[in-house]
Structures are given as C-alpha cells and as structure tokens.
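# Report on the structure
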Amino acid sequence: GNSVTQMEGPVTLSEEAFLTINCTYTATGYPSLFWYVQYPGEGLQLLLKATKADDKGSNKGFEATYRKETTSFHLEKGSVQVSDSAVYFCALNTGFQKLVFGTGTRLLVSP
Amino acid sequence: GAGVSQSPSNKVTEKGKDVELRCDPISGHTALYWYRQSLGQGLEFLIYFQGNSAPDKSGLPSDRFSAERTGGSVSTLTIQRTQQEDSAVYLCASSPQPNPMDEQFFGPGTRLTVL
C-alpha cells in the first residue's frame, strides 16, 4: 500500500541553523508529494508541493525536490527562524483523492 | 475569502453517546474530505465526498461512523455510541476539484474527548 515515512522528532535547532527533515514514500503509480505545516494553535496548511519527478517545491525559504529514484521528498531550509517552530507533515496523493500522511516531525527552534 | 470552518471546536461527551461534527467547506469546492488526527494513529483519512456522494468511505473505522453531505456544501460526520478510542481531532478539508495534484484546504478541527 501507499505510505510515507518521516524522521522522528523533535528536531531541535538554534536560530539560523540548516534544517533537513527526511521523508521517503512508497506508492503505486506516480504520486503528488506535499509538505503541510501545523503551527502551534493553528490548522494544517500547505507549505509546498511537487507533482512530478525532479520538480522542486519552494515556499517561505523551504525547498523539497521530488526524487523518484530514491522515493524521497526531503524538506530543507538554509536558515531557520524561531517562527518556523511547528509540526511538519510529509504527504502523498496517488489519485485516489486522499492524502496519506507521515507521522509528523516537530521542529523546535530556539533563539 | 472564508476558509473551511468546523463546529464545534471542542466537544466533550460521555462514552456511549452520539455526536455530530459539522464542516462548512470553502464555497464552490466540490471535493470534501474528513481526516482524524490522534496521538496513536497520526493523521488518517476517513471519507471523501465528490458533490453529495462518497466514492471512498474506506477510512471509516467502524459502522458507528457515518457521514453525509447535502447541497454539495455542508457535511456532517456522526459517531454513534462513542468510545474512548474515538477521542481525537477531526479535521475537514476541501478542494475545488478532486485533483490529486491540488492542495487540500483544512479547517481548524473539532477536538473530541470521550470520557
């Protein structure tokens, strides 16, 4: 079946550090890939997406590249801020209309 | 414009009671989804609507769970004879069309606590 595996959290970083959150997937067909973010006290919102191999999604300084050969969609940011503290979810959609989510990775950024 | 809204925001109920959770999608969105977020299970799909019909109910955990959508808009998720394991945050999302490449817009959720 379709599944998403994310690195365990929490990830604790100092402000301006480099961030990587690993995400790998298993899917039939050619899924679209997403990163959603849940800030404290807020709802889930889309951070970025990529819909085909080698596409790069980017938003708010975050980037992720759809790697079909390694079935990965790792999230990166060059310099994190305290305001980036949140829970990040990797997800896929294979065309059966439902998102399949990873377990989420909590990011804590300290000043 | 207005986003997805859900009510109530919090619901505390006693084991064995029935509960109804409401979702108002973004106006004009034909696709509507229900998910559940719990500590033990993470974020899991429950049911998907296209218009008023539900082509995929595969995520409903038991026959105590049902959902309907009327007028291609508002949806209600009903849980009968609630159990403690039903405690979770129930999230609703909508999208303009059921396109797997499109963003799903999420509501703030209903936190259900079953005592």
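The paragraphs below set out a description of the structure included in this document. What you are looking at is a predicted structure, and each value in this text was computed from that prediction instead of being measured.

### So, the overall build of chain A
When helices and strands are counted, chain A shows zero helices and twelve strands. Traced from its N-terminal end to its C-terminal end, chain A shows the element sequence β-β-β-β-β-β-β-β-β-β-β-β. Radius of gyration (C-alpha) of chain A: 13 Å, near the 13 Å computed for a compact globule of 111 residues. Its C-alpha atoms give chain A principal-axis dimensions of roughly 45 × 25 × 20 Å. When burial is assessed residue by residue, chain A has 47% of its 111 residues classed as buried.

### Structural notes on the interface of chain B and chain A
Taken residue by residue, the interface counts 17 residues in chain B and 18 residues in chain A. Overall, the association of chain B and chain A removes approximately 1,500 Å² of surface from exposure, summing both partners, and the carbon and sulfur fraction of that is 56%. Put simply, chain B and chain A have one salt bridge between them. Salt-bridge contacts for Lys 98 of chain A lead to Asp 56 of chain B; the nearest nitrogen and oxygen are separated by 3.9 Å. Inspection of the region where chain B meets chain A yields five residue pairs in polar contact (both at pLDDT 80 or more). Sorting the residues of the side of chain B that touches chain A by element identifies strand 4 (31-38) and strand 5 (42-50) of chain B as the ones contributing at least two each. Per-class residue counts for the side of chain B that touches chain A are nine nonpolar, five polar and three charged.

### Notes on the pattern of salt bridges
Taken as a whole and judged by the stated rule, the model has eight salt bridges over all chains. Here Asp 55 of chain A ties to Lys 52 of chain A by a salt bridge, and the two come within 3.3 Å at their closest N and O atoms. With a closest N to O distance of 3.0 Å, Glu 44 of chain B and Arg 36 of chain B form a salt bridge.

### Comments concerning the sheet that holds strand 1 (residues 5-7) of chain B
Residue and element names in this part refer to chain B. The strand order across the open sheet built from four strands is 1-3-8-7, with neighbouring strands paired in antiparallel fashion. With partners counted over all chains shown, the strands left at the sheet margins are strand 1 and strand 7 (65-69), one partner each. Taken pair by pair, the neighbouring strands of this sheet meet at an average axis angle of 15 degrees, ignoring direction. In this structure, strand 7 lies alongside strand 8 (residues 75-79), joined through five bridges in antiparallel fashion. Each bridged residue has a counterpart across the sheet, and for Arg 69 the counterpart in strand 8 is Ser 75.

### Things to note about the nonpolar core
If you look at soluble globular proteins, the nonpolar side chains tend to sit buried side by side. All names here are of chain A. Membership of the largest hydrophobic core comes to 27 residues, with the highest contact counts inside it found for Leu 19, Trp 35, Leu 47, Leu 48, Phe 73, Leu 75 and Tyr 88. Listed by contribution, the elements that provide at least two residues to this core are strand 2 (11-14), strand 3 (19-21), strand 4 (23-26), strand 5 (32-38), strand 6 (44-50), strand 8 (62-65), strand 10 (86-93) and strand 12 (105-110). Here Leu 47 is in contact with Trp 35, Tyr 36, Val 37, Asn 59, Lys 60, Phe 62, Leu 75 and Tyr 88, once residues within four sequence places are set aside.

### Considerations on unusual backbone geometry
Peptide bonds are, in most cases, trans, and in most cases residues other than glycine have a negative phi. Put simply, Gly 9 of chain A and Pro 10 of chain A share a cis peptide bond, and its omega is -5 degrees. Take Pro 10 of chain A: it is sitting in the loop between strand 1 (3-6) and strand 2. In this structure, the amide linkage connecting Ser 7 of chain B to the following residue, Pro 8 of chain B, adopts the cis form with an omega of -10 degrees. With respect to the secondary-structure elements, Pro 8 of chain B resides in the loop between strand 1 and strand 2 (10-13). Unlike most non-glycine residues, Glu 16 of chain A shows phi in positive territory, near 80 degrees. Along the chain, the position of Glu 16 of chain A falls in the loop between strand 2 and strand 3. On the basis of relative accessibility, which here comes to 60%, the residue Glu 16 of chain A falls in the exposed class. Even without being glycine, Asp 54 of chain A reaches a positive phi, approximately 75 degrees. With respect to the helices and strands, the residue Asp 54 of chain A is situated in the loop between strand 6 and strand 7 (56-59).

What counts as what
- Residues numbered from 1 in each chain as written.
- Chains lettered and ligands numbered in written order.
- Predicted model: local features only at pLDDT ≥ 70, side-chain atom pairs only at ≥ 80, totals over all residues.
- Heavy atoms only, no water.
- Helix = DSSP H or I, 4+ residues; strand = E, 2+ residues; numbered from the N terminus.
- Rg over C-alpha atoms; globule rule 2.2 N^0.38 Å.
- Buried < 20%, exposed > 50% of the residue type's maximum accessible area, 1.4 Å probe, protein only.
- Contact = heavy atoms within 4.5 Å.
- Buried area = accessible area lost by both parts, 1.4 Å probe.
- Salt bridge = Lys/Arg side-chain N within 4 Å of Asp/Glu carboxyl O.
- Polar contact = N/O pair within 3.5 Å; in protein donor to acceptor, adjacent residues only side chain to side chain.
- Nonpolar A, V, L, I, M, F, W, Y, C, P; charged D, E, K, R; others polar.
- Pairing = 2+ DSSP bridges.
- Axes fitted to C-alpha atoms, helices over the stretch in contact; angles between N-to-C directions.
- Core = buried A, V, L, I, M, F, W, Y, C linked by side-chain atoms within 4.5 Å.

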